[in-house]
Amino acid sequence: MRHRKPRTQYAALPYRLVNGRPEVLLVTSRETRRWIIPKGWAKKGVKPHEMAAIEAYEEAGVRGDVGKRPIGSYRYEKRLADGKTVPCDVTVFPLEIHEELESWPEKDQRERRWLSSSQAALLISEGGLVGLLLRIGLPPNDEAPATRS
C-alpha cells in the first residue's frame with residue numbers, strides 16, 4: 001500500500017452566541033451534500049487564519065472575528081472530481097460571526113444551518129471533526145480575535 005502525503009487545508013468554525021449559548025454554522029459540500037465546516041486549500045502568501053475566514057465568506061456567507069490560534073485539527077479523505085481520494089490535514093480556527101450575508105459567492109451551491117455543537121456533531125461524517133465539536137468550548141478562549149474578515 002502506497003502512503004500519500006496529506007495535503008493541508010484551513011477551516012473556520014463559525015460560531016455565535018444566542019442567549020449565552022454557542023451555536024456553530026455548518027454548510028453542505030458541493031459534490032456530496034454532506035454537512036461540513038468551511039475549509040479550503042492553503043495558499044501561498046495568505047496566513048492560515050485569514051484563509052479560514054476567506055473560506056467562511058465564500059462558502060457560508062459569513063464575516064466576523066477570526067482567532068489566530070487554532071482550536072484543533074483533524075484528518076479526513078477528500079473525494080476529488082475524478083473519484084480518487086486524497087488525505088487532508090485540516091487546521092481549524094474559531095470565527096465569531098458578526099454578519100450573515102444574504103448573498104455570497106457559493107450561495108447557489110450550498111446550504112447553511114446553525115446548530116448546537118452536539119447537534120452539529122450528529123450531522124458531520126468526518127470523525128476527527130466530530131470529536132473536535134464535542135470537546136470544544138465556545139467561545140474558545142479569552143484571546144482577542146486576530147482580524148476581522
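Because the structure is a prediction, the values reported are computed rather than measured.

Q: Please provide a residue-by-residue account of the pairing of strand β5 (residues 62-66), values included.
A: Along any regular strand, the residues point their side chains to alternate faces of the sheet. Burial of β5 is extensive: 4 of the 5 residues sit out of reach of the surface. Across 5 bridges, the pairing between β5 and strand β7 (residues 85-100) is antiparallel. When the bridges of β7 are listed, Val66 appears paired with Leu95.

Q: Tell me about the environment of Val24, and name the residues and values.
A: Considering the arrangement of structural elements, one finds Val24 in strand β2 (residues 21-28). Judged by relative accessible area, Val24 falls into the buried class, the value being 1%.

Q: Give me the lowdown on helix α3 (residues 127-135), citing residues and values where you can.
A: Three or more residues of α3 are buried, namely Leu129, Leu132 and Leu133. Within α3, the buried residues cover an arc of 95 degrees as seen down the axis, which keeps them to one side. Of the exposed residues in α3, the ones pointing more than 90 degrees away from its buried face are Gly127, Leu134 and Arg135. Check the buried side of α3 and you find it contacts β1 (7-18), β2, β6 (72-79), β7 and α2 (117-123).

Q: Before we move on, could you go through the layout of surface pockets and cite the residues and values that matter?
A: Here the largest pocket is characterised by a volume of approximately 480 Å³. Lining the largest pocket are 19 residues, with Ser29, Arg30, Glu31, Lys78 and Arg110 sitting closest to its centre. Of all elements in the fold, only β4 (39-41), α1 (48-60) and β6 reach the threshold of two or more residues within the lining of the largest pocket. Residue classes in the lining of the largest pocket are distributed as 5 nonpolar, 4 polar and 10 charged.

Q: I'd like a rundown of the packing of aromatic side chains, residues and numbers included.
A: Counted under the stated rule, the structure contains 2 aromatic pairs. Between Tyr74 and Tyr76 the ring centres are 6.1 Å apart and the planes differ by 40 degrees, which places this aromatic pair in the tilted class. By relative accessible area, Tyr74 is classed as buried at 4%. Of the residues examined, Tyr76 reaches a relative accessible area of 8% and is grouped as buried. The ring of Trp41 has Arg7 sitting right over it, with the charged end atom 3.9 Å from the ring centre.

Q: Tell me about the confidence of the model for the protein, and please be specific about residues and values.
A: Looking at the protein as a whole, the pLDDT averages 88, with 89% of positions reaching at least 70. Mean pLDDT values for the elements of the protein range from 48 in strand β9 (residues 147-148) up to 98 in α1.

Q: Summarise unusual backbone geometry; cite the residues concerned and give the values.
A: Glycine aside, residues mostly have negative phi angles, and peptide bonds mostly take the trans form. For Asn19, which is not glycine, the phi torsion reads 55 degrees and is therefore positive. Residue position: Asn19 is located in the loop between β1 and β2. Residue classification places Asn19 among the exposed positions, given a relative accessible area of 79%. With a phi angle near 65 degrees, Arg33 is a residue other than glycine that sits in the positive phi range. Here Arg33 lies in the loop between β2 and β3 (35-36).

Rules used in this analysis
- Residues numbered from 1 in each chain as written.
- Predicted model: local features only at pLDDT ≥ 70, side-chain atom pairs only at ≥ 80, totals over all residues.
- Heavy atoms only, no water.
- Buried < 20%, exposed > 50% of the residue type's maximum accessible area, 1.4 Å probe, protein only.
- Helix = DSSP H or I, 4+ residues; strand = E, 2+ residues; numbered from the N terminus.
- Pairing = 2+ DSSP bridges.
- Arc of directions from axis to C-beta.
- Contact = heavy atoms within 4.5 Å.
- 1 Å grid on protein atoms, 1.4 Å probe; cavity = no way out; pocket = protein on both sides within 12 Å on 5 of 7 lines; lining within 4 Å.
- Points joined across faces, edges and corners; volume = space filled by probe spheres on them.
- Nonpolar A, V, L, I, M, F, W, Y, C, P; charged D, E, K, R; others polar.
- Phe/Tyr/Trp six-rings, centres within 6.5 Å; stacked < 30°, edge-to-face > 60°.
- Lys NZ or Arg CZ within 6 Å of the ring centre and 35° of its normal.
- pLDDT = per-residue confidence, 0-100.

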